[in-house]
Amino acid sequence: MKIAVVDDMEMYRNRARDYIMQYYNKDTGVQIDCFQSGEDYLTSETIYDISFIDIEMSGMDGFETIKKARSKYPEGVYMILTTHTEMCDKGYLVNAYRYINKEKMEEMIYEGLSSAEILLGRNEKIKLNIIGQGIREIVLKDIIYVESVNHSIVIHTKHGDRRCSSSMRELEQELCDKWFFRCHKSFIVNLDEVESFKNLIAYMRDRSNVDIAQRKLWEFRRVYLKRIYDCGNA
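For the structure given in this document, a descriptive report is provided here. (Residues numbered from 1 in each chain as written. Predicted model: local features only at pLDDT ≥ 70, side-chain atom pairs only at ≥ 80, totals over all residues. Heavy atoms only, no water.)

Concerning the pairing of strand β3 (residues 50–54)
Part 1: The buried fraction of β3 is high, at five of five residues.
Part 2: Burial along β3 is two-sided: I50, F52 and D54 facing one way and S51 and I53 facing the other are all buried.
Part 3: Examined bridge by bridge, strand β1 (residues 2–6) and β3 share four bridges and lie parallel to one another. Its bridge partner being in β3, I3 is matched across the sheet by I50.
Part 4: By the bridge criterion, five bridges tie β3 to strand β4 (residues 77–82) in an arrangement that is parallel. In the sheet register, S51 faces β4, and the bridge partner there is Y78.
Part 5: In this fold, β3 hands off to helix α3 (residues 62–72), which returns the chain to β4; that crossover is right-handed. (Buried < 20%, exposed > 50% of the residue type's maximum accessible area, 1.4 Å probe, protein only. Helix = DSSP H or I, 4+ residues; strand = E, 2+ residues; numbered from the N terminus. Pairing = 2+ DSSP bridges. Right-handed = clockwise from strand over helix to strand, strands pointing away.)

Focus: the sheet that holds β3
Part 1: Taking strand neighbours across the sheet as the criterion, the five strands line up as β2-β1-β3-β4-β5 in an open arrangement whose pairing is parallel. Only two strands of the sheet have a single partner each, and these edge strands are β2 (31–35) and β5 (98–101). Across the sheet, the mean angle separating the axes of adjacent strands is 20 degrees when strand polarity is ignored.
Part 2: Bridge analysis of β1 against β2 gives five bridges, and the strand direction is parallel. Residue pairing across strands places V5 opposite C34, the latter belonging to β2.
Part 3: Helix α4 (residues 105–121) rests against β1, β3, β4 and β5 of the sheet, and its axis sits at about 160 degrees to β5. (Axes fitted to C-alpha atoms, helices over the stretch in contact; angles between N-to-C directions. Contact = heavy atoms within 4.5 Å.)

Remarks on helix α5 (residues 168–175)
Along an α-helix, residues three or four positions apart point the same way, because every turn accommodates 3.6 residues.
Part 1: Within the sequence span of α5, burial applies to M168, L171 and L175. Take α5 and look down its axis: the buried residues cluster within an arc of 65 degrees, on one side only. Set apart from the buried face of α5 by more than 90 degrees, the exposed residues are R169 and Q173.
Part 2: Where α5 is buried, its residues meet β6 (125–130), β8 (143–149), β9 (152–157), β10 (160–164), β11 (180–184) and β12 (187–190). (Arc of directions from axis to C-beta.)

Examining the pairing of β12
Part 1: Burial along β12 is two-sided: the residues F187 and V189 and I188 and N190 are all buried.
Part 2: Sheet analysis places β8 next to β12, joined by three bridges and oriented antiparallel. Bridge pairing in β12 places Y145 opposite V189.
Part 3: Summarising the sheet, β11 and β12 pair through three bridges and their orientation is antiparallel. Bridge pairing in β12 links H184 to F187.

Structure, rendered in structure tokens:
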């Protein structure tokens with residue numbers, strides 16, 4: 001995880017950095033870099049997963065900084081730091097993810113980081129041995145569902161179907177600790193791609209239908225509704 005704090009006031013840079021460090025409890029896998037201007041941040045060669053950016057800075061302001069950063073890395077999560085909450089209405093112009101009031105920074109940074117982790121998880125990738133193509137990376141959010149067909153495993157994605165050499169058990173172990181669920185012996189679904197369900201059928205966003213085993217129905221309902229709740233707060 002790579003996180004940037006961009007603010008022309010050292011006090012707020014340090015405060016935000018300290019709260020981020022506290023949230024991750026000194027996790028050595030988290031890199032936190034601080035910048036005193038939008039220009040310095042944009043010239044960095046590092047691509048940041050999450051960026052906290054002040055609105056009002058000397059030189060390039062926060063809105064322009066986010067606009068340019070997003071063109072460089074659209075998958076990043078960009079949050080606005082401000083003491084002037086009345087200016088947050090303009091945040092929609094750059095699709096800011098959160099508005100962090102500097103006077104309530106600790107609580108709001110913790111909530112923002114927790115929610116951003118859910119969002120960023122969708123960009124994770126897995127490596128699969130695709131038949132006829134070899135090892136390929138597939139973005140998790142692109143997977144609609146996995147199907148076992150005649151002893152062959154088909155990965156239905158937003159970019160077409162892929163056959164892989166993994167077993168359903170192997171894919172279940174790799175995917176189902178995330179936001180996927182094995183709802184039937186022949187299916188593993190991406191819960192984010194389920195439009196609705198009724199009786200023993202899950203209706204997917206691509207208009208396909210997936211069977212739900214009777215013995216899995218209660219647990220499917222639980223994890224599906226929990227995922228909706230978690231994403232609704234993300």
